[in-house]
Amino acid sequence: MRLFKFLNRRHIQSFKQMKEDHTPERGQLQSSLKINVDSIIAIFSKAPDLVIRSFDYKQTESQAVLVYLSGLADKNSINNNVLNQLMFESADSSRGTSGKGILPVTVGDICTLTTLQHVEHAILQGQSVFIVDGQLQAYAFDTQGWPQRAITDSQIEASLKGAHQGFIETAGLNIALIRRYISSRELKIKELLIGSRVPCKVSILYLEDVTHPDLIQEMERRLTSLNVDCILNTGELAELIEDNPFSLLPQFITTERPDTASSQILQGRVCVVVDRSSSVLIAPVSIAAFFQGIDDYSTRWPIATFLRMLRFFACIIAAFLPGIYIACISFNHEVIPLDLILSIGQFRAAVPFPPFIEALIMEIMLEMLREAGVRLPAPVGQTVGIVGGIVIGQGAVQAGIVSNLMVVVVASTAVASFILPNYDMAASIRFIRFPVMIIASMFGMIGIIAAFMVLVAHVINLKSLGEAYSTPIAPIRMGDWKDVFIRLPLWNMMKRPKSVRSLQKNRMGLNRLEGDEE
C-alpha cells in the first residue's frame, strides 16, 4: 500500500513537472514572429475562437499577424479600421517607420505591449493585438465588441418620475452613464484589477473636492488586499469587503440606477463599478439610506415624507407582526380586546397547531410562492403568485390548518416587506421575522422587546466602511435629520450629510425667491 502511494505521488509530481516544462514562459516578446505566434497558440490551446490573421505589413514590408478572439472583438472595426490600413496603406517618410504613433489605423486607443502576459490580457479583454516580425513589442487596438444588452430600465428599482435607464454589464458604459449626470472634471476614477486567475476591472468613482480622502484610501485598501480567483458580480465584492460579514443587514448599497449612484457621489460617498456586473456599490451608508427612494426627490416634500414614514412603519410590520401575533395568542391575552379574542377563539377552535407552527407554515409557504414567482417568466410568475396565494390561503383555512386571522397577518407582512425600496434590506427584514417568531413563541412580548433591543444594539454597533451605520440617529446629528424620517424641502437641505465627512459641507446656497422678489 505504501509502495502504491509512493509511486502515485511520483507520477503526479512528474506530470506537474512535465506540464510546467511545456507551459510557455510569459516573458518578454521575441524578435521572431514565429516564436511569438507559437507562444500565443500554446497559451490559448483548445481555443477555437482564437483568430490569427497573417499578412504583409505595408509600411515595413515585413510579415505581421493580428490576433484576437472572434467572440470578444468587433469584426467590422477590425476589417475597416485596422486590416485595411495595415495591409494597403504605404509608408510615410515624414512619419518614420516605427512607434505606435505612426500606425495607420483609425481606432480610438493603441497600447504598447512588451510581454506575453500583457498580450494575453489584451486578447482576453477583447482587444486585437498586432505583432510585426523583427520588433520586440506589440500593439493592442481598442476593438472590443463583446455581446451586450441595450440600456433599459431597472427591473428591481422601478421609478415613476425618475430616469428610466439602468446599468448594464459593461463597466465603460456604466461609467459613461454616471458621467452623463456628473459632467465635472472633479469626478475621478481609480481603476484596479482584482483576481489572480481572471482579473476583473474595478473602478472607484468619487468627487475629488468633496469626498474625504480617508474613505477613498480605506476602500482602495480593502480592494487591493483581496486575494481571490475572480470577482463575478457586485454582491460577491460587497461580501468580501464589508465590515461585519456575519450581520444580517446589508452594509453597502447596491443599485442599478445611474441617477441613484450619481446622487450618492454628489453627497460625498464612494461608488465602485465592477466590470461584468449590472449594479454598482455605494459606501459608506447609514440604515436610513435604505429607506430613501429616488422618487422622494421628484415629488413634493409632504408626499415624500408620508411615503418615507410609511416605509419605516412597514419595516416594523414586516419584522415583528407575526411575532406579535404569536405572543398575543400564546402568552399575552390581556392585550387583546374581549370581542376580538372571542372571534379569534372561534376561528382557532378547529386549528390543531399552536400559533407558532401555524405562522411558520404560512410564512414558509409565502416565501416559496415569492421565490417561485421570481424564478418563473414574468406573466407566469404573476399568475402563480396571485392564484397560488388565493388557492393555498383559502384551502388552508377551509381545511382547518390555519385561521383566518393568520392569513391576514401573513398577507400584511408580505405587503409590508414589498414596500421597502431596497431589495437587500427587504430580504434581510423578511429573514429577521423568523428569529423573532421563535423568541415570541418562547417568551411572549418580553421576548419581542428583548429582540428589538438586541437589533437596535446591533445596528448601533455596526459600521459601513468604518463609519457609523446608525448615523444620524446614533450618534445624533440633528442637521442630518432633515432627510431621515421626514424629507424637508430641498431648499432647506443646504448641507451635505455629516456622516460622510465631506470636504465641502455646502451643496446649496440661499437662492430661493419668494413671491415677486428679485
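From a predicted model like this one, the values you see are computed outputs, not experimental measurements. (Residues numbered from 1 in each chain as written. Predicted model: local features only at pLDDT ≥ 70, side-chain atom pairs only at ≥ 80, totals over all residues. Heavy atoms only, no water.)

Student: Explain the overall build of the protein chain to me, using residue names and the numbers behind them.
Tutor: When you go through the protein chain residue by residue, the secondary structure sums to 15 helices and 12 strands. Within the protein chain, the proportion of its 518 residues that are buried is 43%. At a minimum sequence separation of 6, the contacts of the protein chain that also span at least 24 residues come to 65%. Approximately 27,600 Å² of the protein chain is accessible, and the part contributed by carbon and sulfur atoms is 60%. (Helix = DSSP H or I, 4+ residues; strand = E, 2+ residues; numbered from the N terminus. Buried < 20%, exposed > 50% of the residue type's maximum accessible area, 1.4 Å probe, protein only. Contact = heavy atoms within 4.5 Å. Areas by Shrake-Rupley, 256 points an atom, 1.4 Å probe, with all protein chains shown as cover.)

Student: Tell me about a nonpolar patch on the surface, and name the residues and values.
Tutor: Together, Ile-438, Met-442, Phe-443, Ile-446, Ile-449, Phe-452, Met-453, Val-456 and Ile-460 make up a nonpolar patch on the protein surface, roughly 900 Å² of accessible area in all. Breaking the nonpolar patch down by element, the ones donating at least two residues are helix H14 (423–443) and helix H15 (445–461). By secondary structure assignment, the location of Ile-446 is in helix H15. Residue Ile-446 is classed as exposed on the basis of its relative accessible area of 63%. (Patch = residues over 30% accessible without salt bridge, like charges linked within 9 Å, V, L, I, M, F, W, Y side chains within 5 Å. Salt bridge = Lys/Arg side-chain N within 4 Å of Asp/Glu carboxyl O.)

Student: So, unusual backbone geometry: which residues are in play, and what are the values?
Tutor: In this chain, Ala-283 is followed by Pro-284 through a cis amide linkage whose omega measures -10°. By the secondary structure assignment, Pro-284 is in the loop between strand E10 (280–283) and helix H9 (301–330). Backbone torsion omega between Ala-474 and Pro-475 reads 0°, so that peptide bond is classified as cis. Tracing the chain through its elements places Pro-475 in the segment after strand E12 (467–468). Even without a glycine there, the phi angle at Lys-46 is positive, about 55°. Within the secondary structure, Lys-46 is located in the loop between helix H2 (33–43) and strand E1 (50–57). A positive phi angle, close to 55°, is found at Arg-501, a residue other than glycine. Locating Arg-501 in the fold gives a position in the segment after E12. Take Arg-501: its relative accessible area is 30%, and that puts it in the partly exposed class.

Student: Explain the pairing of E1 to me, and be specific about the residues and the numbers.
Tutor: The pairing of E1 with strand E2 (residues 62–69) spans 8 bridges and is antiparallel. Residue pairing for E2: Arg-53 is matched across the bridge by Leu-66. Linking E1 back to E2 in an antiparallel pair, the connection comprises 4 residues, with Glu-61 at a positive phi of about 55°. (Pairing = 2+ DSSP bridges.)

Student: Explain the packing of H9 against H14 to me, and be specific about the residues and the numbers.
Tutor: Orientation of H9 relative to H14, taken along the N-to-C sense of each, is 20°, at an axis distance of 8 Å. Judged on the interaxial angle alone, H14 and H9 are roughly parallel. Note that H9 runs across H14; the crossing there is right-handed. Here Cys-315, Ala-318, Ala-319, Phe-320, Pro-322, Gly-323, Ile-326 and Ala-327 of H9 come into contact with H14, specifically with Ile-429, Ile-432, Arg-433, Val-436, Met-437, Ala-440 and Ser-441. When its residues are assigned to classes, the contact of H9 with H14 shows 12 nonpolar, 2 polar and 1 charged. (Axes fitted to C-alpha atoms, helices over the stretch in contact; angles between N-to-C directions. Parallel < 35°, antiparallel > 145°, perpendicular 65-115°, else oblique. Left-handed = near helix turned anticlockwise from the far one by under 90°. Nonpolar A, V, L, I, M, F, W, Y, C, P; charged D, E, K, R; others polar.)

Student: A description of the packing of aromatic side chains should follow, citing residues and the corresponding values.
Tutor: Evaluated as defined, the whole model comprises 9 aromatic pairs. The interplanar angle of 20° and the centroid separation of 4.4 Å between the aromatic rings of Phe-291 and Phe-312 together place this pair among those described as stacked. Of the two residues, Phe-291 sits in the loop between E10 and H9 while Phe-312 sits in helix H9, which places them 21 residues apart along the sequence. According to the relative accessible area criterion, Phe-312 is buried, its value standing at 17%. Grouping aromatic residues by their ring pairs yields a cluster made of Phe-55, Tyr-57, Phe-130, Tyr-139 and Phe-141. (Phe/Tyr/Trp six-rings, centres within 6.5 Å; stacked < 30°, edge-to-face > 60°.)

Student: Explain the side chain of Ser-279 residue by residue, including any values.
Tutor: With respect to the secondary-structure elements, Ser-279 resides in the loop between strand E9 (270–274) and E10. With sequence-adjacent residues up to four places away left out, Ser-279 is seen in contact with Thr-234, Thr-255 and Glu-256.

Student: How would you sum up the nonpolar core? Please name residues and give values.
Tutor: Counting 61 residues, the largest nonpolar core has Ile-178 and Cys-271 as its most contacted members. Broken down by element, the residue count for this core peaks at 11 residues, all from H9. Setting aside residues no more than four positions away along its own chain, Ile-178 makes contact with Phe-167, Leu-187, Leu-205, Ala-261, Ser-262, Ile-265, Cys-271 and Val-273. Counting 23 residues, the second-largest nonpolar core is a separate cluster that includes Ile-194, Cys-200, Val-272 and Val-274. (Core = buried A, V, L, I, M, F, W, Y, C linked by side-chain atoms within 4.5 Å.)

Student: Account for the packing of H2 against helix H4 (residues 116–124), naming residues and giving values.
Tutor: Close contact between H2 and H4 brings their axes to 11 Å; oriented N to C, the two are set at 55°. Judged by the angle between their axes, H2 and H4 are oblique. Where H2 crosses over H4, the two elements pack in a sense that is right-handed. For the pair H2 and H4, contact is made by Ser-39, Ile-40 and Ile-43 and by Leu-116, Val-119, Glu-120 and Ile-123, respectively.

Student: Tell me about the sheet that holds E1, and please be specific about residues and values.
Tutor: Read from one edge of the open sheet, 5 strands run E1-E2-E4-E5-E3, paired in antiparallel fashion. Edge positions in the sheet fall to E1 and strand E3 (110–113), since each has one partner strand and no second. On average, each strand axis in the sheet is tilted by 25° relative to the strand beside it, whichever way the strands run. Pairing analysis gives 4 bridges linking E3 to strand E5 (residues 138–141), with the strands arranged antiparallel. Across the sheet, Ile-110 pairs through a bridge with Phe-141, a residue of E5. Taken strand by strand, helix H3 (residues 75–88) contacts E1, E2, strand E4 (128–132) and E5, and its axis lies near 35° from that of E1.

Student: Give a detailed account of H2, specifying residues and quantitative values.
Tutor: Turn by turn, an α-helix covers 3.6 residues, leaving residues three or four places apart pointing in a common direction. Of all the positions in H2, only Leu-33, Asn-36, Val-37, Ser-39, Ile-40 and Ile-43 are classed as buried. Taken around the axis of H2, the buried residues stretch over an arc of 160°, which confines them to a single face. For H2, the secondary structure elements touched by its buried residues are E1, E2, H4 and E4. (Arc of directions from axis to C-beta.)

Student: Explain H15 to me, using residue names and the numbers behind them.
Tutor: The end-to-end C-alpha separation of H15 is 24 Å, in line with the 24 Å expected for 17 residues at 1.5 Å each. When H15 is considered as a whole, its buried residues turn out to be Gly-447, Ile-448, Ala-451 and Val-459. In an axial view of H15, the angular spread of the buried residues amounts to 110°, which keeps them on one side of the axis. In H15, the exposed positions angled more than 90 degrees off the buried face are occupied by Ile-446, Met-453 and Asn-461. Contacts made by the buried residues of H15 are with H9 and H14. (Expected span 1.5 Å × (residues − 1).)

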